[in-house]
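Inside the fold
If you want the building blocks of each chain, they are given just below.
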Amino acid sequence: MKKIRKSMVAMGTVPLLVLLAACSTGGASGKASSSAAPSFGTSPSGTLNAWAFDNADDVGKARIDYAASQLSGVTIKLDATAFDAQKFTTRLASGDVPDVVQMDRRYVGTYAAQGLIMPLDQCFAAYQVNPDKAWYPYVVDDVRLKGHVWAVPQFYQPPAIILNKTVMDAAGVSNDQIDTSKLDTLIPAIQKMYKTNGDVPATLGFDPQPTGQAPLWVLGMGGKLTDADGKPTLDDAANVKALDDLKKILDAQGGYAKYKSFADAFDFFGAKNQFVSKQVGAQVDAQWYPNVLSPYLNQVTLQAVPFKGADGQPFTVAGGTSFVIPTGAKNPDAACKWALQLTTTKAWIAAEEARVKTLAAKGGINTGLFTGSPEADQQIRSQYVKPSGNKDFDQVIQTYYDVLAHGKSFGASPVGQQIATELSNAVTAALLGNKTSKNALADAQQTVMQAYNNLGGK
(Lines give C-alpha, C1' and ligand atoms only; values in the text may rest on other atoms or scores of the structure.)
Protein backbone atom coordinates (compact mmCIF):
# COMPACT_ATOMS: atom_id res chain seq x y z
CA MET A 1 0.00 0.00 0.00
CA LYS A 2 2.91 2.39 0.65
CA LYS A 3 4.12 1.72 -2.87
CA ILE A 4 0.70 2.65 -4.27
CA ARG A 5 0.59 5.93 -2.35
CA LYS A 6 4.07 6.84 -3.53
CA SER A 7 3.10 6.01 -7.12
CA MET A 8 0.07 8.26 -6.96
CA VAL A 9 2.11 11.21 -5.80
CA ALA A 10 4.50 10.77 -8.70
CA MET A 11 1.68 10.39 -11.18
CA GLY A 12 -0.51 13.25 -10.05
CA THR A 13 -4.22 13.46 -10.70
CA VAL A 14 -4.55 14.55 -14.33
CA PRO A 15 -8.21 14.00 -15.39
CA LEU A 16 -8.89 11.16 -17.82
CA LEU A 17 -11.31 11.30 -20.75
CA VAL A 18 -13.70 8.36 -20.93
CA LEU A 19 -14.86 8.27 -24.53
CA LEU A 20 -17.32 5.40 -24.45
CA ALA A 21 -19.62 3.95 -21.85
CA ALA A 22 -20.39 0.51 -23.20
CA CYS A 23 -18.15 -1.46 -20.75
CA SER A 24 -15.73 -1.31 -17.76
CA THR A 25 -12.89 -2.96 -15.77
CA GLY A 26 -10.18 -2.48 -13.14
CA GLY A 27 -6.42 -2.71 -12.35
CA ALA A 28 -3.91 -4.98 -10.56
CA SER A 29 -0.25 -5.61 -9.86
CA GLY A 30 3.29 -5.25 -11.16
CA LYS A 31 5.23 -2.29 -12.56
CA ALA A 32 5.77 -1.97 -16.27
CA SER A 33 9.40 -2.90 -15.86
CA SER A 34 8.56 -6.16 -14.10
CA SER A 35 9.16 -9.36 -16.04
CA ALA A 36 6.71 -11.31 -13.87
CA ALA A 37 3.03 -11.49 -14.75
CA PRO A 38 0.37 -12.78 -12.35
CA SER A 39 -1.41 -16.03 -13.16
CA PHE A 40 -5.18 -16.29 -13.62
CA GLY A 41 -7.59 -19.12 -12.93
CA THR A 42 -10.39 -19.98 -15.35
CA SER A 43 -13.08 -21.00 -12.84
CA PRO A 44 -13.93 -17.75 -11.06
CA SER A 45 -16.48 -17.49 -8.26
CA GLY A 46 -17.54 -14.98 -5.63
CA THR A 47 -18.28 -11.31 -6.31
CA LEU A 48 -16.93 -9.13 -9.10
CA ASN A 49 -16.87 -5.38 -8.50
CA ALA A 50 -16.73 -3.45 -11.77
CA TRP A 51 -16.47 0.31 -12.09
CA ALA A 52 -17.04 2.98 -14.76
CA PHE A 53 -19.85 1.33 -16.68
CA ASP A 54 -21.71 4.63 -16.75
CA ASN A 55 -24.67 5.25 -19.02
CA ALA A 56 -24.52 1.87 -20.76
CA ASP A 57 -26.62 2.03 -23.94
CA ASP A 58 -28.27 -0.86 -25.80
CA VAL A 59 -24.85 -2.07 -26.97
CA GLY A 60 -23.37 -1.96 -23.48
CA LYS A 61 -26.36 -3.61 -21.80
CA ALA A 62 -26.39 -6.48 -24.29
CA ARG A 63 -22.71 -7.16 -23.70
CA ILE A 64 -23.13 -6.97 -19.94
CA ASP A 65 -25.93 -9.50 -20.11
CA TYR A 66 -23.92 -11.80 -22.37
CA ALA A 67 -20.82 -11.69 -20.13
CA ALA A 68 -22.94 -12.37 -17.04
CA SER A 69 -24.34 -15.47 -18.71
CA GLN A 70 -20.79 -16.76 -19.14
CA LEU A 71 -19.80 -16.24 -15.48
CA SER A 72 -22.21 -18.53 -13.67
CA GLY A 73 -21.51 -18.56 -9.95
CA VAL A 74 -20.15 -15.00 -10.01
CA THR A 75 -22.16 -12.10 -8.58
CA ILE A 76 -21.48 -8.99 -10.64
CA LYS A 77 -21.81 -5.60 -8.99
CA LEU A 78 -21.56 -2.57 -11.28
CA ASP A 79 -20.60 0.90 -10.10
CA ALA A 80 -22.16 2.83 -12.96
CA THR A 81 -20.42 6.14 -12.25
CA ALA A 82 -17.94 7.63 -14.71
CA PHE A 83 -14.24 6.94 -14.40
CA ASP A 84 -12.30 9.65 -12.62
CA ALA A 85 -8.50 9.64 -12.25
CA GLN A 86 -8.43 11.19 -8.79
CA LYS A 87 -11.15 8.85 -7.55
CA PHE A 88 -9.27 5.87 -8.97
CA THR A 89 -6.04 6.60 -7.15
CA THR A 90 -7.90 7.55 -3.97
CA ARG A 91 -9.77 4.26 -4.01
CA LEU A 92 -6.56 2.27 -4.44
CA ALA A 93 -4.86 4.15 -1.61
CA SER A 94 -7.78 3.53 0.74
CA GLY A 95 -8.01 -0.16 -0.06
CA ASP A 96 -11.38 0.22 -1.80
CA VAL A 97 -10.08 -1.53 -4.91
CA PRO A 98 -12.46 -2.46 -7.75
CA ASP A 99 -11.77 -5.68 -9.60
CA VAL A 100 -12.07 -4.22 -13.07
CA VAL A 101 -12.24 -0.64 -14.42
CA GLN A 102 -13.01 0.91 -17.79
CA MET A 103 -10.69 3.69 -18.96
CA ASP A 104 -9.40 5.32 -22.10
CA ARG A 105 -6.53 3.39 -23.67
CA ARG A 106 -4.42 6.54 -23.93
CA TYR A 107 -3.81 6.45 -20.20
CA VAL A 108 -3.22 2.78 -19.46
CA GLY A 109 0.56 3.21 -19.71
CA THR A 110 0.54 5.79 -16.92
CA TYR A 111 -0.98 3.35 -14.44
CA ALA A 112 1.09 0.44 -15.71
CA ALA A 113 4.31 2.36 -15.09
CA GLN A 114 3.25 3.00 -11.51
CA GLY A 115 2.31 -0.57 -10.70
CA LEU A 116 -1.32 0.42 -10.17
CA ILE A 117 -2.62 -2.13 -12.67
CA MET A 118 -1.48 -5.64 -13.48
CA PRO A 119 -0.12 -7.00 -16.76
CA LEU A 120 -2.65 -9.26 -18.45
CA ASP A 121 -0.39 -11.56 -20.46
CA GLN A 122 -1.34 -14.55 -18.31
CA CYS A 123 -5.02 -13.57 -18.44
CA PHE A 124 -4.86 -13.91 -22.21
CA ALA A 125 -2.83 -17.11 -21.97
CA ALA A 126 -5.31 -18.71 -19.56
CA TYR A 127 -8.05 -18.41 -22.22
CA GLN A 128 -5.73 -19.02 -25.19
CA VAL A 129 -6.30 -15.51 -26.55
CA ASN A 130 -3.66 -14.01 -28.83
CA PRO A 131 -4.17 -10.24 -28.43
CA ASP A 132 -2.67 -9.40 -31.81
CA LYS A 133 -5.18 -11.68 -33.53
CA ALA A 134 -8.19 -10.97 -31.33
CA TRP A 135 -7.82 -7.21 -31.90
CA TYR A 136 -6.19 -5.02 -34.51
CA PRO A 137 -2.47 -4.92 -33.65
CA TYR A 138 -2.45 -1.12 -33.46
CA VAL A 139 -5.33 -1.28 -30.98
CA VAL A 140 -3.25 -3.60 -28.78
CA ASP A 141 -0.22 -1.34 -29.17
CA ASP A 142 -2.19 1.36 -27.35
CA VAL A 143 -1.96 -0.78 -24.19
CA ARG A 144 1.38 -2.53 -24.75
CA LEU A 145 4.32 -1.25 -22.68
CA LYS A 146 7.68 -2.78 -21.75
CA GLY A 147 6.80 -6.09 -23.32
CA HIS A 148 3.44 -6.54 -21.55
CA VAL A 149 -0.18 -5.97 -22.53
CA TRP A 150 -1.93 -4.15 -19.67
CA ALA A 151 -5.57 -3.99 -20.71
CA VAL A 152 -8.34 -5.70 -22.65
CA PRO A 153 -9.14 -3.21 -25.44
CA GLN A 154 -12.53 -2.39 -26.91
CA PHE A 155 -13.74 -0.15 -29.71
CA TYR A 156 -11.83 1.42 -32.57
CA GLN A 157 -13.86 4.16 -34.23
CA PRO A 158 -11.50 5.72 -36.76
CA PRO A 159 -11.62 9.31 -37.97
CA ALA A 160 -12.21 10.13 -41.63
CA ILE A 161 -13.51 13.21 -43.47
CA ILE A 162 -17.26 13.69 -43.97
CA LEU A 163 -18.13 15.79 -47.02
CA ASN A 164 -21.09 18.16 -47.28
CA LYS A 165 -21.78 17.77 -50.99
CA THR A 166 -24.34 20.58 -51.00
CA VAL A 167 -21.65 23.10 -50.02
CA MET A 168 -18.93 21.50 -52.14
CA ASP A 169 -21.02 21.33 -55.32
CA ALA A 170 -22.13 24.94 -54.95
CA ALA A 171 -18.48 25.99 -54.74
CA GLY A 172 -17.32 23.71 -57.56
CA VAL A 173 -15.13 21.57 -55.28
CA SER A 174 -14.64 17.86 -55.99
CA ASN A 175 -13.94 15.04 -53.54
CA ASP A 176 -10.36 14.57 -54.70
CA GLN A 177 -9.54 18.15 -53.71
CA ILE A 178 -10.18 17.32 -50.04
CA ASP A 179 -6.73 15.80 -49.75
CA THR A 180 -4.90 16.36 -46.46
CA SER A 181 -1.61 15.24 -48.00
CA LYS A 182 -1.66 18.09 -50.54
CA LEU A 183 -2.12 21.52 -49.00
CA ASP A 184 -1.60 23.19 -52.37
CA THR A 185 -4.79 21.42 -53.49
CA LEU A 186 -6.70 21.49 -50.21
CA ILE A 187 -6.31 25.16 -49.30
CA PRO A 188 -7.63 26.56 -52.62
CA ALA A 189 -10.63 24.22 -52.21
CA ILE A 190 -11.14 25.50 -48.67
CA GLN A 191 -11.03 29.11 -49.86
CA LYS A 192 -13.68 28.41 -52.51
CA MET A 193 -16.08 27.14 -49.85
CA TYR A 194 -15.23 29.56 -47.04
CA LYS A 195 -17.79 32.31 -46.53
CA THR A 196 -18.17 35.12 -44.02
CA ASN A 197 -20.94 37.26 -42.64
CA GLY A 198 -19.13 40.50 -42.24
CA ASP A 199 -15.96 39.58 -40.36
CA VAL A 200 -17.42 36.39 -38.90
CA PRO A 201 -17.21 32.92 -40.52
CA ALA A 202 -20.51 31.70 -41.98
CA THR A 203 -19.22 28.53 -43.71
CA LEU A 204 -15.95 26.74 -43.08
CA GLY A 205 -14.43 25.10 -46.10
CA PHE A 206 -12.84 22.44 -43.92
CA ASP A 207 -12.98 21.81 -40.19
CA PRO A 208 -9.82 19.88 -39.24
CA GLN A 209 -10.89 19.53 -35.57
CA PRO A 210 -7.38 20.73 -34.69
CA THR A 211 -7.31 20.12 -30.93
CA GLY A 212 -9.58 17.10 -30.68
CA GLN A 213 -7.87 15.39 -33.62
CA ALA A 214 -4.35 16.71 -33.03
CA PRO A 215 -2.79 13.21 -32.76
CA LEU A 216 -4.33 12.29 -36.13
CA TRP A 217 -2.57 15.23 -37.78
CA VAL A 218 0.72 14.68 -35.98
CA LEU A 219 0.95 10.95 -36.60
CA GLY A 220 -0.53 11.19 -40.08
CA MET A 221 2.07 13.69 -41.18
CA GLY A 222 4.86 11.33 -40.14
CA GLY A 223 5.37 12.59 -36.61
CA LYS A 224 5.34 10.67 -33.35
CA LEU A 225 4.22 11.21 -29.78
CA THR A 226 6.56 8.65 -28.20
CA ASP A 227 9.43 6.40 -29.13
CA ALA A 228 9.18 2.60 -29.00
CA ASP A 229 9.77 2.61 -25.24
CA GLY A 230 7.14 5.24 -24.45
CA LYS A 231 9.55 8.18 -24.07
CA PRO A 232 7.87 11.45 -25.16
CA THR A 233 8.84 12.89 -28.55
CA LEU A 234 6.59 15.94 -28.85
CA ASP A 235 9.38 18.06 -30.31
CA ASP A 236 9.90 15.75 -33.29
CA ALA A 237 10.50 17.78 -36.46
CA ALA A 238 7.59 16.13 -38.28
CA ASN A 239 5.27 17.21 -35.44
CA VAL A 240 6.28 20.81 -36.09
CA LYS A 241 5.30 20.52 -39.75
CA ALA A 242 1.92 19.05 -38.79
CA LEU A 243 1.13 22.07 -36.59
CA ASP A 244 2.35 24.44 -39.28
CA ASP A 245 0.00 22.73 -41.75
CA LEU A 246 -2.93 23.08 -39.35
CA LYS A 247 -2.18 26.77 -38.94
CA LYS A 248 -2.18 27.29 -42.71
CA ILE A 249 -5.57 25.57 -42.97
CA LEU A 250 -7.09 27.73 -40.25
CA ASP A 251 -5.41 30.94 -41.39
CA ALA A 252 -7.16 30.39 -44.74
CA GLN A 253 -10.45 30.58 -42.80
CA GLY A 254 -10.01 33.67 -40.66
CA GLY A 255 -7.57 32.23 -38.14
CA TYR A 256 -7.96 29.97 -35.14
CA ALA A 257 -9.70 32.44 -32.81
CA LYS A 258 -12.52 33.11 -35.26
CA TYR A 259 -12.69 29.45 -36.23
CA LYS A 260 -13.04 28.31 -32.63
CA SER A 261 -15.70 30.85 -31.74
CA PHE A 262 -17.71 29.77 -34.78
CA ALA A 263 -17.20 26.00 -34.34
CA ASP A 264 -18.02 26.12 -30.62
CA ALA A 265 -21.51 27.32 -31.54
CA PHE A 266 -22.30 24.34 -33.79
CA ASP A 267 -25.47 22.42 -32.92
CA PHE A 268 -23.26 19.32 -33.12
CA PHE A 269 -25.87 16.78 -32.01
CA GLY A 270 -29.00 18.63 -33.09
CA ALA A 271 -31.32 19.19 -36.00
CA LYS A 272 -29.45 22.38 -36.96
CA ASN A 273 -26.04 20.71 -36.98
CA GLN A 274 -23.21 22.17 -39.04
CA PHE A 275 -23.94 19.97 -42.08
CA VAL A 276 -27.66 20.73 -42.26
CA SER A 277 -26.94 24.42 -41.61
CA LYS A 278 -24.27 24.49 -44.35
CA GLN A 279 -21.67 25.69 -41.88
CA VAL A 280 -19.01 23.24 -43.10
CA GLY A 281 -17.96 21.91 -46.46
CA ALA A 282 -15.94 19.05 -44.96
CA GLN A 283 -15.02 17.96 -41.46
CA VAL A 284 -12.83 15.37 -39.74
CA ASP A 285 -15.12 13.12 -37.68
CA ALA A 286 -14.89 9.79 -35.87
CA GLN A 287 -16.93 6.82 -37.09
CA TRP A 288 -19.75 7.32 -34.59
CA TYR A 289 -20.71 10.73 -35.96
CA PRO A 290 -22.55 9.48 -39.07
CA ASN A 291 -25.09 8.01 -36.63
CA VAL A 292 -25.81 11.55 -35.45
CA LEU A 293 -26.29 12.78 -39.02
CA SER A 294 -28.37 9.89 -40.37
CA PRO A 295 -31.78 11.33 -39.34
CA TYR A 296 -31.15 14.40 -41.52
CA LEU A 297 -30.31 12.77 -44.84
CA ASN A 298 -33.39 14.30 -46.45
CA GLN A 299 -31.82 17.72 -45.82
CA VAL A 300 -28.21 17.14 -46.77
CA THR A 301 -26.09 15.04 -49.14
CA LEU A 302 -23.09 13.42 -47.48
CA GLN A 303 -20.09 11.53 -48.79
CA ALA A 304 -16.69 10.80 -47.24
CA VAL A 305 -13.00 10.48 -48.06
CA PRO A 306 -10.19 9.09 -45.94
CA PHE A 307 -7.77 11.35 -44.12
CA LYS A 308 -4.50 10.99 -46.01
CA GLY A 309 -1.06 10.94 -44.45
CA ALA A 310 2.08 12.64 -45.71
CA ASP A 311 2.66 9.74 -48.13
CA GLY A 312 -0.70 10.29 -49.79
CA GLN A 313 -2.15 7.03 -48.43
CA PRO A 314 -5.25 6.65 -46.20
CA PHE A 315 -4.43 7.05 -42.52
CA THR A 316 -6.30 6.91 -39.24
CA VAL A 317 -5.67 6.42 -35.52
CA ALA A 318 -6.88 3.65 -33.26
CA GLY A 319 -8.30 5.31 -30.16
CA GLY A 320 -10.81 3.72 -27.82
CA THR A 321 -11.38 2.42 -24.31
CA SER A 322 -10.24 -0.66 -22.39
CA PHE A 323 -10.58 -2.74 -19.23
CA VAL A 324 -7.81 -2.90 -16.64
CA ILE A 325 -7.43 -4.92 -13.43
CA PRO A 326 -6.07 -2.84 -10.53
CA THR A 327 -3.36 -3.83 -8.13
CA GLY A 328 -5.01 -5.35 -5.10
CA ALA A 329 -8.14 -6.53 -6.94
CA LYS A 330 -9.85 -9.13 -4.77
CA ASN A 331 -11.19 -11.19 -7.65
CA PRO A 332 -8.81 -10.88 -10.61
CA ASP A 333 -9.89 -14.27 -12.00
CA ALA A 334 -13.46 -13.06 -12.45
CA ALA A 335 -12.22 -9.71 -13.77
CA CYS A 336 -10.11 -11.42 -16.42
CA LYS A 337 -12.91 -13.65 -17.65
CA TRP A 338 -15.49 -10.88 -17.54
CA ALA A 339 -13.36 -8.45 -19.58
CA LEU A 340 -12.62 -11.11 -22.17
CA GLN A 341 -16.25 -12.22 -22.43
CA LEU A 342 -17.37 -8.63 -22.95
CA THR A 343 -15.12 -8.43 -26.00
CA THR A 344 -15.77 -11.79 -27.69
CA THR A 345 -17.36 -11.90 -31.12
CA LYS A 346 -20.45 -13.48 -29.54
CA ALA A 347 -20.79 -10.53 -27.17
CA TRP A 348 -20.52 -8.08 -30.05
CA ILE A 349 -23.07 -10.01 -32.10
CA ALA A 350 -25.46 -9.84 -29.14
CA ALA A 351 -24.81 -6.09 -29.02
CA GLU A 352 -25.45 -5.69 -32.73
CA GLU A 353 -28.71 -7.61 -32.47
CA ALA A 354 -29.77 -5.23 -29.70
CA ARG A 355 -28.84 -2.29 -31.92
CA VAL A 356 -30.90 -3.72 -34.79
CA LYS A 357 -33.94 -3.86 -32.50
CA THR A 358 -33.35 -0.28 -31.39
CA LEU A 359 -33.14 0.93 -34.98
CA ALA A 360 -36.30 -0.98 -35.88
CA ALA A 361 -38.17 0.71 -33.04
CA LYS A 362 -36.76 4.23 -33.34
CA GLY A 363 -35.60 4.43 -36.93
CA GLY A 364 -32.13 5.13 -38.29
CA ILE A 365 -29.49 3.53 -40.47
CA ASN A 366 -27.23 0.72 -39.32
CA THR A 367 -23.63 1.92 -39.71
CA GLY A 368 -22.15 -1.11 -37.90
CA LEU A 369 -20.27 -1.47 -34.64
CA PHE A 370 -16.55 -0.74 -34.76
CA THR A 371 -15.39 -3.03 -32.00
CA GLY A 372 -11.61 -3.17 -32.14
CA SER A 373 -11.87 -6.83 -33.21
CA PRO A 374 -11.40 -7.66 -36.92
CA GLU A 375 -13.49 -10.82 -36.65
CA ALA A 376 -16.40 -9.07 -34.95
CA ASP A 377 -16.26 -6.12 -37.35
CA GLN A 378 -16.33 -8.43 -40.38
CA GLN A 379 -19.21 -10.55 -39.11
CA ILE A 380 -21.30 -7.53 -38.14
CA ARG A 381 -20.69 -5.86 -41.47
CA SER A 382 -21.54 -8.93 -43.54
CA GLN A 383 -24.62 -9.94 -41.55
CA TYR A 384 -26.17 -6.66 -40.45
CA VAL A 385 -24.93 -3.66 -42.46
CA LYS A 386 -27.16 -3.59 -45.53
CA PRO A 387 -27.73 -0.97 -48.25
CA SER A 388 -29.69 1.90 -46.74
CA GLY A 389 -31.33 3.15 -49.90
CA ASN A 390 -29.13 6.26 -49.79
CA LYS A 391 -26.09 5.50 -51.94
CA ASP A 392 -24.19 8.57 -50.76
CA PHE A 393 -24.57 7.63 -47.10
CA ASP A 394 -23.66 4.03 -47.92
CA GLN A 395 -20.45 5.44 -49.37
CA VAL A 396 -19.81 7.20 -46.04
CA ILE A 397 -20.22 3.91 -44.17
CA GLN A 398 -17.97 2.16 -46.69
CA THR A 399 -15.24 4.79 -46.25
CA TYR A 400 -15.04 4.18 -42.50
CA TYR A 401 -14.76 0.44 -43.06
CA ASP A 402 -12.04 1.05 -45.65
CA VAL A 403 -9.85 3.09 -43.29
CA LEU A 404 -9.91 0.44 -40.55
CA ALA A 405 -6.93 -1.27 -42.16
CA HIS A 406 -4.84 1.91 -42.05
CA GLY A 407 -4.74 2.56 -38.31
CA LYS A 408 -1.85 3.53 -36.10
CA SER A 409 -1.49 3.41 -32.32
CA PHE A 410 -1.13 6.61 -30.33
CA GLY A 411 1.67 4.76 -28.52
CA ALA A 412 1.69 3.71 -24.88
CA SER A 413 3.64 5.86 -22.43
CA PRO A 414 4.05 6.26 -18.67
CA VAL A 415 3.05 9.89 -19.22
CA GLY A 416 0.25 9.32 -21.72
CA GLN A 417 -2.09 11.66 -19.82
CA GLN A 418 0.42 14.48 -19.81
CA ILE A 419 1.26 13.98 -23.50
CA ALA A 420 -2.40 14.37 -24.46
CA THR A 421 -2.77 17.51 -22.34
CA GLU A 422 0.45 19.18 -23.44
CA LEU A 423 -0.08 18.40 -27.12
CA SER A 424 -3.47 20.11 -26.95
CA ASN A 425 -1.90 23.11 -25.20
CA ALA A 426 0.87 23.30 -27.83
CA VAL A 427 -1.61 23.15 -30.70
CA THR A 428 -3.69 25.97 -29.22
CA ALA A 429 -0.63 28.17 -28.60
CA ALA A 430 0.70 27.61 -32.12
CA LEU A 431 -2.62 28.16 -33.87
CA LEU A 432 -3.26 31.39 -31.96
CA GLY A 433 0.21 32.56 -32.92
CA ASN A 434 1.29 32.92 -29.29
CA LYS A 435 4.26 30.66 -30.04
CA THR A 436 5.82 29.18 -33.12
CA SER A 437 4.96 25.52 -33.64
CA LYS A 438 8.56 24.60 -32.85
CA ASN A 439 8.62 26.56 -29.59
CA ALA A 440 5.17 25.37 -28.52
CA LEU A 441 6.18 21.74 -28.98
CA ALA A 442 9.55 22.28 -27.34
CA ASP A 443 7.82 23.69 -24.27
CA ALA A 444 5.38 20.79 -24.25
CA GLN A 445 8.25 18.33 -24.52
CA GLN A 446 10.04 19.94 -21.61
CA THR A 447 6.94 19.61 -19.43
CA VAL A 448 6.25 15.98 -20.25
CA MET A 449 9.91 15.02 -19.96
CA GLN A 450 9.96 16.43 -16.45
CA ALA A 451 7.04 14.16 -15.57
CA TYR A 452 8.72 11.25 -17.37
CA ASN A 453 12.00 11.78 -15.50
CA ASN A 454 10.15 12.11 -12.20
CA LEU A 455 8.93 8.57 -12.81
CA GLY A 456 12.50 7.42 -13.32
CA GLY A 457 12.20 7.35 -17.08
CA LYS A 458 10.33 4.05 -16.82
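Here, the structure is the one placed above.
Fair warning: this is a prediction, and the values are worked out from it, not measured in the lab.

Here we come to the packing of helix α11 (residues 237-251) against helix α18 (residues 416-432). One can describe the packing of α11 onto α18 by two numbers: an axis separation of 9 Å at closest approach and a directional angle of 50°. Considering their axes alone, α11 and α18 lie oblique with respect to each other. Where α11 crosses over α18, the handedness of that crossing is right-handed. When α11 is examined against α18, the residues Leu243, Leu246, Lys247 and Leu250 are found in contact with a partner set consisting of Ala426, Val427, Ala430 and Leu431.

Further remarks concern empty space enclosed by the protein. Applying the stated criterion across every chain yields a total of 1 cavity of 30 Å³ or more. Space inside the largest cavity adds up to approximately 50 Å³. Lining the largest cavity are Arg106, Leu225, Thr226, Phe410, Gly411, Ala412, Ser413, Gly416 and Ile419. Classifying every residue of the lining of the largest cavity gives 4 nonpolar, 4 polar and 1 charged.

Before going further, it helps to examine the state of the cysteines. Taken as a whole and assessed by the stated rule, the structure comprises 1 disulfide. Here cysteine 123 engages in a disulfide with cysteine 336; their sulfurs sit 2.1 Å apart. Here cysteine 123 and cysteine 336 share a disulfide; its torsion about the S-S bond, 95°, makes the bridge right-handed. One end of the pair, cysteine 123, is in helix α5 (residues 121-126); the other, cysteine 336, is in helix α14 (residues 332-342), and 213 residues separate them in sequence. Cysteine 123 gets classed as buried once you look at its relative accessible area, which sits at 0%. Among the residues examined, cysteine 336 registers a relative accessible area of 1% and is labelled buried.

Grouped together as the largest cluster of nonpolar side chains are 131 residues, with contacts concentrated most on Phe88, Ile178, Phe206, Leu302 and Trp338. In this structure isoleucine 178 touches Ile161, Leu163, Met168, Val173, Leu186, Ala189, Met193, Ala282 and Val305, once residues within four positions along its chain are discounted.

A separate point is the pairing of strand β7 (residues 159-164). β7 sits mainly inside the fold: 6 of its 6 residues count as buried. Of the pairings in the sheet, the one linking β7 to strand β10 (residues 282-286) comprises 5 bridges and is antiparallel in character. Directly across from alanine 160, in β10, lies its bridge partner aspartate 285. For β7 and strand β11 (residues 302-305), the ladder comprises 4 bridges, and the chain directions are antiparallel. Bridged to asparagine 164 within β11 is leucine 302.

Conventions and cut-offs
- Residues numbered from 1 in each chain as written.
- Predicted model: local features only at pLDDT ≥ 70, side-chain atom pairs only at ≥ 80, totals over all residues.
- Heavy atoms only, no water.
- Axes fitted to C-alpha atoms, helices over the stretch in contact; angles between N-to-C directions.
- Helix = DSSP H or I, 4+ residues; strand = E, 2+ residues; numbered from the N terminus.
- Parallel < 35°, antiparallel > 145°, perpendicular 65-115°, else oblique.
- Left-handed = near helix turned anticlockwise from the far one by under 90°.
- Contact = heavy atoms within 4.5 Å.
- 1 Å grid on protein atoms, 1.4 Å probe; cavity = no way out; pocket = protein on both sides within 12 Å on 5 of 7 lines; lining within 4 Å.
- Points joined across faces, edges and corners; volume = space filled by probe spheres on them.
- Nonpolar A, V, L, I, M, F, W, Y, C, P; charged D, E, K, R; others polar.
- Disulfide = S-S within 2.5 Å.
- Buried < 20%, exposed > 50% of the residue type's maximum accessible area, 1.4 Å probe, protein only.
- Core = buried A, V, L, I, M, F, W, Y, C linked by side-chain atoms within 4.5 Å.
- Pairing = 2+ DSSP bridges.

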